[in-house]
Amino acid sequence: MRISTKGRYALRMMLDLALNNTGTPVRIKEIAARQDISDKYLEQIVAILNKAGYVRSVRGPQGGYLLTRPVEDYTVGMILRLTEGSLAPVECLDTEAGACDKSDDCVTILVYRKMNEAVNQVIDNITLADLVSWKLQKEGDYSI
C-alpha cells in the first residue's frame, strides 16, 4: 500500500485547516502557500472533502473553507479512505472487489489480513486533534 499525493495532501490540508481554525474561513491560496502545494490541485482535493461534508465552503471576498466538525471527530483513516479508496494491501481483502477463487486454499491471506488490521488500527485511532497536538509539540521542541 502506498498513499498517493492526493491522500497525503488531503491530510496536510485538513491539518492546516485545523491549525488555522480561528472561526474565519481559510483560503486555498493561503493553504497552498503554507504547504507548498499547487492551489489548483488543492481545489480538486477540497471538492472531494466538501462533497463528503468534511469541510464547508464560504463564498465571497472573505470566503474560504472551514472544518465542519471538531478536530477530534476526524480520523486519519476517514481522510485517507475518502481520497484513496480502499487501503487493503491486496485486492482480495477489499470488500468491494469480492472474494478470490483461491481463498479456500490461500495461507498468505493471513499475512495480508494481519497487515490490513495493523494499518487500520493505526489510522483509525489517530485523529486530526492528535496531529495538531504533535505538530504543536514539534514546533515547541528545539535544541541548542
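This text goes with the structure placed above it.
For the structure given in this document, a descriptive report is provided here. (Residues numbered from 1 in each chain as written. Predicted model: local features only at pLDDT ≥ 70, side-chain atom pairs only at ≥ 80, totals over all residues. Heavy atoms only, no water.)

Some details on helix 2 (residues 28-35)
So, step 1. Within helix 2, the full set of buried residues consists of Ile28, Ile31, Ala32 and Gln35. The arc that holds the buried residues of helix 2, viewed along the axis, is 100°, so those residues lie on one side. Looking at helix 2, the residues exposed on the side facing more than 90 degrees away from the buried face are Lys29 and Ala33.
So, step 2. Buried-residue contacts for helix 2 involve helix 1 (5-19), helix 3 (39-51) and strand 2 (64-67).
So, step 3. Taken from the residues just after helix 2, Asp36 is the one with a positive phi, measuring 55°. (Buried < 20%, exposed > 50% of the residue type's maximum accessible area, 1.4 Å probe, protein only. Helix = DSSP H or I, 4+ residues; strand = E, 2+ residues; numbered from the N terminus. Arc of directions from axis to C-beta. Contact = heavy atoms within 4.5 Å.)

Considering the pairing of strand 1 (residues 55-58)
So, step 1. In the sheet, strand 1 pairs with strand 2 via 4 bridges, with the strands oriented antiparallel. Bridge pairing in strand 2 places Val58 opposite Gly64.
So, step 2. Connecting strand 1 to the next strand, strand 2, in antiparallel fashion are 5 residues, including Gly60 with a positive phi near 110°. (Pairing = 2+ DSSP bridges.)

Structural notes on the state of the cysteines
So, step 1. This structure, assessed with the given rule, holds 0 disulfides.
So, step 2. The thiol of Cys106 is unpaired, and the distance to the nearest cysteine sulfur, on Cys92, comes to 6.1 Å. (Disulfide = S-S within 2.5 Å.)

Considerations on the packing of helix 1 against helix 4 (residues 76-84)
So, step 1. For the pair helix 1 and helix 4, interaxial distance at closest approach is 9 Å and the crossing angle is 135°. With respect to their mutual orientation, helix 1 and helix 4 come out oblique. Helix 1 and helix 4 meet at a crossing whose hand is right-handed. Residues Lys6, Gly7, Ala10, Leu11 and Met14 of helix 1 touch helix 4, and the partners they reach there are Val76, Ile79, Leu80, Thr83 and Glu84.
So, step 2. The residue makeup of the contact of helix 1 with helix 4, split by class, is 6 nonpolar, 2 polar and 2 charged. (Axes fitted to C-alpha atoms, helices over the stretch in contact; angles between N-to-C directions. Parallel < 35°, antiparallel > 145°, perpendicular 65-115°, else oblique. Left-handed = near helix turned anticlockwise from the far one by under 90°. Nonpolar A, V, L, I, M, F, W, Y, C, P; charged D, E, K, R; others polar.)

Honestly, it's all geometry; don't read function into it.
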